[in-house]
Amino acid sequence: MGGPAQMSLRDLTSLDSFDAPSCVSVEPGGYEGARVEVDDLEVLDDCPTATALRIRGIDQKTFDVLISRYGGRFTGLALWNCPNIDDLTPLLDRES
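What you are looking at is a predicted structure, and each value in this text was computed from that prediction instead of being measured.

Trainee: What is the right way to read a negative patch on the surface from this model?
Mentor: A cluster of acidic residues, Glu37, Asp39, Asp40, Glu42, Asp45 and Asp46, forms a negative patch at the surface. By the element assignment, aspartate 40 lies in the loop between strand E1 (23-26) and strand E2 (52-56). Relative accessible area serves as the criterion here: at 38%, aspartate 40 is assigned to the partly exposed category.

What follows is the structure in structure tokens.
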């Protein structure tokens, strides 16, 4: 009660679910193959009530920074087009 709403994987990956204020999507702009960089994560500061994140095109360094800075805030996380993420252990250390 009063805590963030839990989202199923189906909810998180649905395009329509990202119309809700509790959801935010971060994608690289520009050219094909562009990546989200560490500095691009600052957009998350503008969405303090978001509890679900969908992000595309990040590498291991950006993933590590994402989880260390913002990971405790999100109850749902969808990653896609992120072939350079090899280590998901930062998720184990995030705040609950």
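Once the structure has been displayed, the description carries forward.
Trainee: Any chance you could explain the sheet that holds strand E3 (residues 76-80) here in plain terms?
Mentor: Backbone hydrogen bonds hold the strands of a sheet together, and the pairing may be parallel or antiparallel. Strand order in the open sheet formed by 3 strands is E1-E2-E3, with parallel pairing between adjacent strands. With one partner strand each, in any of the chains shown, E1 and E3 form the two edges of the open sheet. Adjacent strand axes in the sheet meet at a mean angle of 10° when their direction is disregarded. Sheet analysis places E2 next to E3, joined by 5 bridges and oriented parallel. Bridging from a neighbouring strand, arginine 54 pairs with alanine 78 of E3. Packing of helix H2 (residues 60-70) onto the sheet brings it into contact with E2 and E3, and relative to E3 it is tilted by some 170°.

Trainee: Got a minute to help me understand a nonpolar patch on the surface in this structure?
Mentor: Taken together, Leu79, Leu88 and Leu91 make up a surface patch of nonpolar side chains, about 220 Å² in accessible area. Relative to the helices and strands, leucine 79 is located in strand E3.

Trainee: Just checking my understanding: could you explain the pattern of salt bridges for this structure?
Mentor: Side-chain pairs of opposite charge can arise where the charged atoms are in close proximity. The tally for this structure, following the rule as stated, stands at 1 salt bridge. Residue arginine 56 pairs with glutamate 27 through a salt bridge whose shortest N-O separation is 3.4 Å. Of this pair, arginine 56 sits in strand E2 while glutamate 27 is found in the loop between E1 and E2, placing the two residues 29 residues apart along the sequence.

Here is what the cut-offs are and how they apply
Residues numbered from 1 in each chain as written. Predicted model: local features only at pLDDT ≥ 70, side-chain atom pairs only at ≥ 80, totals over all residues. Heavy atoms only, no water. Patch = residues over 30% accessible without salt bridge, like charges linked within 9 Å, V, L, I, M, F, W, Y side chains within 5 Å. Areas by Shrake-Rupley, 256 points an atom, 1.4 Å probe, with all protein chains shown as cover. Salt bridge = Lys/Arg side-chain N within 4 Å of Asp/Glu carboxyl O. Lys, Arg positive; Asp, Glu negative; His and termini not counted. Charge placed at Lys NZ, Arg CZ, Asp CG, Glu CD. Helix = DSSP H or I, 4+ residues; strand = E, 2+ residues; numbered from the N terminus. Buried < 20%, exposed > 50% of the residue type's maximum accessible area, 1.4 Å probe, protein only. Pairing = 2+ DSSP bridges. Axes fitted to C-alpha atoms, helices over the stretch in contact; angles between N-to-C directions. Contact = heavy atoms within 4.5 Å.

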